[in-house]
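Analysis of the macromolecular model
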Amino acid sequence: MNSTLKKIIIPLLLVVMLPAISYSVYELTSLNETEEMIEEIYVNQLNTVLNSINQYSDLVNAAWTSTLSVALENHQYDFTKLSKNELEPFLNLNRSIVQIVFVDNLDFQKYNLVNAGSEIGIEELKNIFQSNNEKIERLYRYIEEGYRKVEPLDSDNEKTQFLAVIISDERQQVITILEIDISTYIQETLRPVILEAAGEEFAIYCISNSDEYKFNFDDTVDGKQPDVKSPLWLFPKYELGILLKGRTLSGLIAERTYTNLIIIIIMNLIIVTGVVIIYRTIRKEIKLAQIKSDFVSNVSHELRTPLALISMFAETLEMGRVRSEEKRNEYYQIISQESNRLSRIVNSILSFSKIEAGKRTYNFSFTDINKIVKQIYDNYKFHLENEGYKFIFEAEDNLPEINADSEALSEAIINLIDNAAKYSNDTKEIMLKTYQKNQNIFLEITDKGIGISKEDKEKIFDKFFRVSTGLVHNTKGTGLGLTIVKHVIDAHDAEIELDSKVNEGSTFRIFFKSVKT
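Residues numbered from 1 in each chain as written. Predicted model: local features only at pLDDT ≥ 70, side-chain atom pairs only at ≥ 80, totals over all residues. Heavy atoms only, no water.

Bringing the sheet that holds strand β13 (residues 429–437) into the picture now. Working definition: the strands of a sheet are paired by backbone hydrogen bonds and lie parallel or antiparallel to each other. An order of β11-β13-β14-β16-β15 is seen for the 5 strands of this open sheet, with the pairing classed as mixed. The strands lining the two open edges of the sheet, one partner per strand, are β11 (390–395) and β15 (495–501). The sheet shows a mean angle of 15° between the axes of neighbouring strands, taken without regard to direction. Across 8 bridges, the pairing between β13 and strand β14 (residues 440–447) is antiparallel. Residue pairing across strands places Leu432 opposite Ile445, the latter belonging to β14. Seen against the sheet, helix α9 (residues 369–386) touches β11, β13, β14 and β16 (505–512) and runs at an angle of roughly 165° to β11. Against the sheet, helix α10 (residues 406–422) touches β11, β13, β14, β15 and β16, its axis set at about 140° to β13. (Pairing = 2+ DSSP bridges. Helix = DSSP H or I, 4+ residues; strand = E, 2+ residues; numbered from the N terminus. Axes fitted to C-alpha atoms, helices over the stretch in contact; angles between N-to-C directions. Contact = heavy atoms within 4.5 Å.)

In terms of residue burial, β16 counts as a mostly covered element, since 8 of its 8 residues are buried. Pairing of β14 with β16 involves 7 bridges; the strand directions are antiparallel. Bridging across to β16, Ile445 finds its partner in Phe508. Relative to β16, β15 runs antiparallel, the two being bridged by 7 bridges. Note on β16: the bridge partner recorded for Lys501 is Gly505. (Buried < 20%, exposed > 50% of the residue type's maximum accessible area, 1.4 Å probe, protein only.)

Right, let's talk about the nonpolar core for a bit. Among the nonpolar cores identified, the biggest contains 46 residues, and Ile100 and Phe102 are the most heavily contacted of them. Contacts of Phe102, omitting those with residues within four sequence positions, involve Leu68, Leu72, Phe79, Leu82, Leu87, Lys110, Tyr111, Asn112, Val114, Val174, Ile175 and Thr176. Membership of the second largest hydrophobic core comes to 41 residues, among which are Tyr389, Ala408, Ala420 and Leu498. (Core = buried A, V, L, I, M, F, W, Y, C linked by side-chain atoms within 4.5 Å.)

Turning our attention to unusual backbone geometry. Its identity as a non-glycine residue notwithstanding, Gln76 has a phi of 55°, on the positive side. Looking at where Gln76 falls in the secondary structure, it is placed in the loop between α2 (34–74) and α3 (84–93). Of note, the phi angle at Tyr77 is positive, near 65°, even though the residue is not glycine. Within the fold, Tyr77 resides in the loop between α2 and α3.

A few words now on the packing of α10 against helix α13 (residues 481–491). Two numbers describe how α10 lies on α13: the axes approach to 9 Å, and their chain directions differ by 145°. Handedness of the crossing formed by α10 with α13: left-handed. Touching Ala408, Leu409, Glu411, Ala412, Asn415, Leu416 and Asn419 of α10 are Gly481, Leu482, Ile484, Val485, Val488 and Ile489, all from α13. (Left-handed = near helix turned anticlockwise from the far one by under 90°.)

Any link to function would need more than the numbers given here.
Pasting the structure below:
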């Protein structure tokens with residue numbers, strides 16, 4: 001079975017057989033486990049209600065955080081300038097917030113306390129803050145990973161809950177602590193959503209060791225134990241409990257029928273999705289086969305042209321038909337250029353072959369990127385200037401060394417220079433530039449050529465891809481150069497970006513993270 005057939009058969013088995021088998025097992029199991037299934041549906045339904053209350057709390061706190069973030073941005077994150085008067089409208093709308101504390105770091109070296117009725121002073125706040133050091137450190141890790149989270153802090157106070165969150169921008173981070181009056185929060189903030197979630201079917205309570213709040217209770221549920229319990233996420237000392245009111249077995253069985261209907265619909269959607277996936281797979285394989293065919297044709301032409309020129313001029317020289325020394329030197333130069341061209345084509349194919357086989361290896365060591373680029377610049381300067389190009393190299397001095405394979409990186413840079421030269425228009429200008437920014441080392445290769453359209457930018461690093469219109473189509477190539485560049489850059493744990501406008505030129509920007517400090 002060839003690889004193309006595998007790519008069709010395996011998805012077919014997965015998307016058709018797997019859902020059918022799963023549904024059959026589900027039905028067979030349900031015949032013997034009806035009661036367990038009904039109980040599972042029952043518990044899941046109640047858990048969904050409790051989760052919706054917790055999720056609402058998260059949304060409320062996310063809204064609070066966003067409001068405070070805007071206030072901090074207005075003062076360029078100098079939280080010492082925030083006053084109670086400025087936050088008064090926010091505090092009036094959210095009466096459960098009795099205090100807000102802005103802190104610069106774990107040592108409490110700089111802070112701003114906005115008191116809206118709290119009895120807790122700064123020293124007690126410091127103790128609570130420092131006793132939750134681990135949670136604060138966790139918040140910093142969340143920020144580093146790209147998302148913001150509210151964390152409840154542990155304290156001995158039964159009436160209030162402290163919530164911590166880090167509000168940050170690119171310049172600095174502000175630890176923000178909200179002191180929440182639990183009773184006010186439950187009665188004013190949570191009460192409406194609890195009653196809405198409870199409807200006519202449920203009774204819900206919120207309980208701790210010292211307090212209890214009941215919602216939608218009546219004689220049918222008083223004194224009963226909750227069917228499902230769940231922690232109140234933001235208030236770890238409190239627990240949500242839910243009881244089902246007036247539920248009948250027939251109602252639960254009807255829900256089971258509804259669940260089966262949903263499963264059938266989902267299965268049909270999966271099967272339809274499978275058909276679409278199979279169609280796209282086949283289409284992709286056909287397209288890839290065509291691309292490979294075009295690739296073989298292009299490579300054949302690319303190899304035949306330099307070989308024909310080398311053979312023709314070598315034969316002419318061998319037969320002594322060239323009388324002048326000047327003409328002989330010209331022919332030698334053409335043979336040398338075509339040999340180099342042939343060598344580059346073969347090396348590209350060999351590099352790509354190693355990449356496809358997963359056998360390409362790299363030898364990394366810390367090296368000066370300016371030294372690598374300068375060597376390439378010196379090697380190509382004479383040739384490019386003879387071809388009418390303005391070739392510029394701008395280097396920032398004293399750059400930190402990068403961890404790189406010099407040979408592989410040189411190959412990638414040469415490919416980019418070669419592309420810049422091939423796709424230049426009347427303005428023949430290529431610039432190499434190195435510099436440091438935000439602890440990263442950057443290398444830019446800029447031309448003023450034909451540019452790349454927005455539609456093709458996402459595809460240019462795909463193997464065999466070549467733009468099918470304009471000068472790019474007329475310029476011969478294998479379609480492997482940028483694929484090899486991307487592989488080399490990825491191997492260096494670096495990134496490559498493209499800025500390009502049609503008929504204005506392109507800039508390939510590489511930035512390296514592995515810098516010697």
